[in-house]
Amino acid sequence: MKKALYYIIYSVTYLISLLPLWLLYGLSEFIYVVIFHLIKYRRPLVQKHLKESFPEKSTTELKKIEREFYQWFSDYLVESIKMLSMSKRQMRRRMVFKGIDVVDQIVKEGQSCAVYLGHYCNWEWVTSLPLWVTPEAQCGQIYHPLENSDYDKLFLNLRQRWGAVSIPMADTLRQLISYRQQKKQVVIGYISDQVPFWNNIHHWLPFLHHDTPVLTGTERLARKVNHAVFYMDVRRVKRGYYEAEFKLITREPKKKKEFELTDIYFQMLEASIRQQPACYLWTHNRWKRTHEEYNLRLNPETGILDITTPLEELIQKKSS
């Protein structure tokens, strides 16, 4: 039964993907009307994020960014579906990578690459990187498996269609060590702007006017396996066309101070977002964990976080 459901989902999605992009963008316009005007999908959260992230902007400017975000997000959905049947030629024309010569040279010199990404522009299309990078390297991306196994399989199909491998987050270090033992160079993408669980918070930094808890696993892995570290600066050229430029941060991650790579990444990501603010995933509840709540949950004597007690109880204990 589960297999049948997956094949139904895949078949329907594939048939939709066969539609030309100009027609899919017509579907995107319909999706925009539904999620923006009718169901108002997470609009209060998006408005809150935009207002707090860009206090210097007027109400008119913020409303414009909000509308453009939902238009881009609707396009992102149909563009992701289109990947199932898009030709290599069309993919290469619509998703262009720059700085590949630097990546190829580093790979040829025997060093692998870690690439910082964000939930910005079309990160699904970035999985077409194997169409550009030297075949000497294995491209891949770290991902968190979806709870729904059918949709997880579908997205794995999308993300691995061009030859990249999807590595579950929990298996990252083991896989990287395995590639090193095989003397196989890799170019691995890390979407590192996700919200860490309470017990994974080791660093806070300023990001878009927020005191932000951040994941630091990417820099720890890069140090452990000595990968060259890049930031991928993506921009939307026009509807359905993106450019992604590799920007080298360091080839010697072990020489960087603790959290320095993470700080640099978030500074570069913020600069990208400020260029095209509508292309960031504002519906993601990025700042749901606050420093104030973290301090309430932290036992200063043991250094252990209480991650189970409801916040209301913690506040009552603090005030009593």
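Here the structure is a predicted model, which is why all the values come from computation and not from measurement. (Residues numbered from 1 in each chain as written. Predicted model: local features only at pLDDT ≥ 70, side-chain atom pairs only at ≥ 80, totals over all residues. Heavy atoms only, no water.)

Regarding the overall build of the chain
Here comes step 1: Each helix and strand counted, the chain has 12 helices and 9 strands in total.
Here comes step 2: Taking 2.2 N^0.38 as the reference for a compact globule, 320 residues should give roughly 20 Å; the C-alpha atoms of the chain span a radius of gyration of 21 Å, in line with that estimate.
Here comes step 3: Among the 320 residues that make up the chain, the fraction classed as buried is 50%.
Here comes step 4: For the chain, long-range pairs separated by at least 24 residues make up 78% of all intrachain contacts whose partners lie at least 6 apart in sequence.
Here comes step 5: Roughly 16600 Å² of accessible area belongs to the chain as shown, and the carbon and sulfur atoms make up 54% of that amount.
Here comes step 6: Positive and negative side-chain charges in the chain, numbering 46 and 34 respectively, have mean positions lying 6 Å apart. (Helix = DSSP H or I, 4+ residues; strand = E, 2+ residues; numbered from the N terminus. Rg over C-alpha atoms; globule rule 2.2 N^0.38 Å. Buried < 20%, exposed > 50% of the residue type's maximum accessible area, 1.4 Å probe, protein only. Contact = heavy atoms within 4.5 Å. Areas by Shrake-Rupley, 256 points an atom, 1.4 Å probe, with all protein chains shown as cover. Lys, Arg positive; Asp, Glu negative; His and termini not counted. Charge placed at Lys NZ, Arg CZ, Asp CG, Glu CD.)

Regarding helix α3 (residues 43-53)
Here comes step 1: Among all positions in α3, only Arg 43, Leu 45, Val 46, His 49, Leu 50 and Ser 53 are buried. All buried residues of α3 project into a common sector of 160° when viewed along the axis, lining one side. Along α3, exposed side chains directed more than 90 degrees from the buried face belong to Pro 44 and Lys 51. (Arc of directions from axis to C-beta.)

Brief notes about the packing of helix α2 (residues 21-38) against helix α4 (residues 59-82)
To describe two helices that pack against each other, one gives the angle between their axes and the distance between the axes.
Here comes step 1: Relative to each other, α2 and α4 sit at 135°, their axes nearing to 8 Å. Here α4 runs oblique to α2, going by the angle between their axes. As α2 packs across α4, the resulting crossing turns out to be right-handed. Together, Leu 21, Leu 24, Tyr 25, Leu 27, Ser 28, Ile 31, Tyr 32, Ile 35 and Phe 36 of α2 and Glu 66, Arg 67, Tyr 70, Gln 71, Phe 73, Ser 74, Asp 75, Leu 77, Val 78, Glu 79 and Lys 82 of α4 make up the contact between the two elements. (Axes fitted to C-alpha atoms, helices over the stretch in contact; angles between N-to-C directions. Parallel < 35°, antiparallel > 145°, perpendicular 65-115°, else oblique. Left-handed = near helix turned anticlockwise from the far one by under 90°.)

Things to note about the state of the cysteines
Here comes step 1: On inspection of all chains with the given rule, the structure shows 0 disulfides.
Here comes step 2: This cysteine, Cys 113, is not joined by any disulfide, and Cys 139 carries the nearest cysteine sulfur, 9.2 Å off.
Here comes step 3: Residue Cys 113 is classed as buried on the basis of its relative accessible area of 0%. (Disulfide = S-S within 2.5 Å.)

Topic: the side chain of Asp 152
Here comes step 1: Relative to the elements of secondary structure, Asp 152 occurs in helix α7 (residues 149-160).
Here comes step 2: Despite its burial, Asp 152 remains without a salt bridge, the nearest opposite charge being carried by Arg 159 at 6.0 Å. (Salt bridge = Lys/Arg side-chain N within 4 Å of Asp/Glu carboxyl O.)

Overview of the layout of surface pockets
In this approach a probe as big as a water molecule rolls over the atoms, and the regions it shows empty are the leftover space.
Here comes step 1: Size it by volume and the second largest pocket reaches roughly 210 Å³.
Here comes step 2: Secondary-structure elements contributing two or more residues to the lining of the second largest pocket are β8 (228-238), β9 (241-250) and α10 (260-275).
Here comes step 3: Here the lining of the second largest pocket is composed, by residue class, of 6 nonpolar, 3 polar and 6 charged. (1 Å grid on protein atoms, 1.4 Å probe; cavity = no way out; pocket = protein on both sides within 12 Å on 5 of 7 lines; lining within 4 Å. Points joined across faces, edges and corners; volume = space filled by probe spheres on them. Nonpolar A, V, L, I, M, F, W, Y, C, P; charged D, E, K, R; others polar.)

As for the packing of aromatic side chains
Here comes step 1: Evaluation of the coordinates by the stated rule reveals 26 aromatic pairs.
Here comes step 2: When the centroid spacing of 4.3 Å and the interplanar angle of 15° are considered together, the rings of Tyr 116 and Tyr 265 count as stacked. With Tyr 116 in strand β2 (residues 113-117) and Tyr 265 in helix α10, this pair connects stretches of sequence that are 149 residues apart. Considered together, Tyr 116 and Tyr 265 belong to a single accessibility category, that of buried residues.
Here comes step 3: Consider the rings of Trp 204 and Tyr 294, whose centres lie 5.6 Å apart with planes at 70°: the pair is edge-to-face. Separated by 90 residues along the polypeptide, Trp 204 in strand β6 (residues 204-207) and Tyr 294 in helix α11 (residues 291-297) bring together distant segments of the chain. (Phe/Tyr/Trp six-rings, centres within 6.5 Å; stacked < 30°, edge-to-face > 60°.)

Digging into a nonpolar patch on the surface
Here comes step 1: Together, Val 33, Leu 38, Ile 39 and Tyr 41 make up a nonpolar patch on the protein surface, roughly 380 Å² of accessible area in all.
Here comes step 2: By the secondary structure assignment, Tyr 41 is in the loop between α2 and α3.
Here comes step 3: Note on Tyr 41: relative accessible area 31%, which makes it partly exposed. (Patch = residues over 30% accessible without salt bridge, like charges linked within 9 Å, V, L, I, M, F, W, Y side chains within 5 Å.)

Some thoughts on the sheet that holds β8
Here comes step 1: Taken in spatial order, the 7 strands line up as β1-β9-β8-β2-β5-β3-β4 in an open sheet, and their pairing is mixed. What marks the edges here is a single partner per strand, and that holds for β1 (95-98) and β4 (165-168). Ignoring strand direction, the axes of neighbouring strands in this sheet form an average angle of 30°.
Here comes step 2: One ladder, built from 5 bridges, connects strand β3 (residues 137-143) with strand β5 (residues 185-191); its direction is parallel. Directly across from Gln 138, in β5, lies its bridge partner Val 186.
Here comes step 3: Against the sheet, helix α6 (residues 100-108) contacts β1, β2, β3, β5, β8 and β9, and its axis sits at roughly 155° relative to β8. (Pairing = 2+ DSSP bridges.)

A few points about the packing of α3 against α4
Here comes step 1: Look at α3 against α4: their axes get within 10 Å of each other, and the N-to-C directions meet at 130°. Taken as axis vectors, α3 and α4 run oblique relative to one another. Crossing angle aside, the handedness with which α3 passes α4 is right-handed. On α4, the residues touching Arg 43, Val 46, Gln 47, Leu 50 and Lys 51 of α3 are Leu 62, Ile 65, Glu 66, Phe 69 and Tyr 70.
Here comes step 2: Each residue belonging to the contact of α3 with α4 can be placed in one class, and the counts come to 6 nonpolar, 1 polar and 3 charged.

Things to note about the nonpolar core
The nonpolar side chains of soluble globular proteins are, as a tendency, buried together.
Here comes step 1: Ranked by internal contacts, the top residues of the largest apolar core, which has 85 residues, are Val 187 and Trp 282.
Here comes step 2: Residue contributions to this core peak at 8 residues, all from α4.
Here comes step 3: Apart from residues lying up to four places away in sequence, Trp 282 is in contact with Leu 45, Val 46, His 49, Leu 50, Ser 53, Phe 54, Phe 69, Leu 208, Ile 273, Pro 277 and Trp 287.
Here comes step 4: In this structure, Trp 198, Ile 201, Trp 204 and Tyr 294 belong to the second largest nonpolar core, which totals 5 residues. (Core = buried A, V, L, I, M, F, W, Y, C linked by side-chain atoms within 4.5 Å.)

On their own, these measurements won't tell you what the molecule is for.
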